[in-house]
Amino acid sequence: MQTRFTYDYRRAELAGSAKVLNRALYGSGRTVYLLLATFPAFVLLGFIAVGAYSGWWGDWYLAAMLYGCAFVLIYSRFAAPAIRKRLMKPPTGQAALEGREIGYDFGDDGYRITTQYFEGFQKWAGVDRIIETPEMVLIVLGANAHFLPGRLFASDKDRRTFVDWALQKIHPEARARSLTGEISPTA
């Protein structure tokens, strides 16, 4: 089984790993966007319901509903995507990392991480969970994760063997929180 990996950093892979990590830790990121996109529609429906309940459908009320519908359409088309883009803004400085080598050397006590400017050791006891998808393996440490892209493994079987080995190294509670093949960055 392979326990030593060296790969070049690719920003596109990191974006996928960030999506998987956020979905694993916080649930679907689409919930906030869905609320932001549908809030004006609910306000408009409430406005219509109040008008229907009160029985007052004057000329100004019809005009207000038409303006409200226009507002919902404009908001959904322009404002909601801009808000989503701002909420999902990528971290700065990623472009400067493109192509740099990252090395991982896994052992029984933990794993060593090396880059051009950093060298560190992470004990297995500090791992919160392991997330495996066909595209990647994430070793989660709190709200951050170490990322092994799927291209490092010769086959799905090799990736699965590595993940099974790593799962045996972490605490049973962390093993119970781990996810295998359930989250995809493209979903």
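Quick look at the structure, then. Keep in mind the model is a prediction, meaning the values are calculated, not measured.

### Looking at helix H5 (residues 156-169)
Helix length check: H5, at 14 residues, gives a terminal C-alpha distance of 20 Å against a target of 20 Å (1.5 Å per residue), a fit within 8%. Of all the residues in H5, the buried ones are Arg159, Phe162, Val163, Trp165, Ala166 and Leu167.

### Here we look at the side chain of Thr133
Residue position: Thr133 is located in strand S5 (residues 129-133). Residue classification places Thr133 among the buried residues on the basis of a relative accessible area of 1%. Of note is the side chain of Thr133, whose polar atom sits 3.1 Å from the side chain of Glu135.

### Here's the deal with the packing of aromatic side chains
For any pair of aromatic rings, the description consists of the separation of the ring centres together with the inter-plane angle of the planes. Following the criterion strictly, the structure yields 14 aromatic pairs and no others. Seen in terms of ring centroids, Trp124 and Trp165 are 5.9 Å apart; in terms of plane orientation they differ by 85 degrees. Their pairing is edge-to-face. Here the residue Trp124 occupies a position in the loop between strand S4 (119-123) and S5, and Trp165 occupies one in helix H5, the gap between them amounting to 41 residues. For the pair shown, Trp124 and Trp165 are each scored as buried. Three or more aromatic residues joined by ring pairs make a cluster, and in this case those are Phe5, Tyr7, Tyr104, Phe106, Tyr111, Trp124, Phe147, Phe153, Phe162 and Trp165.

### A few points about the sheet that holds strand S7 (residues 144-149)
Spatial strand order, S7-S6-S5-S8: four strands in an open sheet with mixed pairing. Looking at strand neighbours, the two that pair on one side only are S7 and strand S8 (179-180), the edges of this open sheet. With six bridges connecting them, strand S6 (residues 136-141) and S7 associate as antiparallel partners. When the bridges of S7 are listed, Leu141 appears paired with Asn144. Strands S5, S6, S7 and S8 of the sheet are contacted by H5, whose axis makes an angle of about 170 degrees with S5.

The rules behind each value
Residues numbered from 1 in each chain as written. Predicted model: local features only at pLDDT ≥ 70, side-chain atom pairs only at ≥ 80, totals over all residues. Heavy atoms only, no water. Helix = DSSP H or I, 4+ residues; strand = E, 2+ residues; numbered from the N terminus. Expected span 1.5 Å × (residues − 1). Buried < 20%, exposed > 50% of the residue type's maximum accessible area, 1.4 Å probe, protein only. Polar contact = N/O pair within 3.5 Å; in protein donor to acceptor, adjacent residues only side chain to side chain. Phe/Tyr/Trp six-rings, centres within 6.5 Å; stacked < 30°, edge-to-face > 60°. Pairing = 2+ DSSP bridges. Contact = heavy atoms within 4.5 Å. Axes fitted to C-alpha atoms, helices over the stretch in contact; angles between N-to-C directions.

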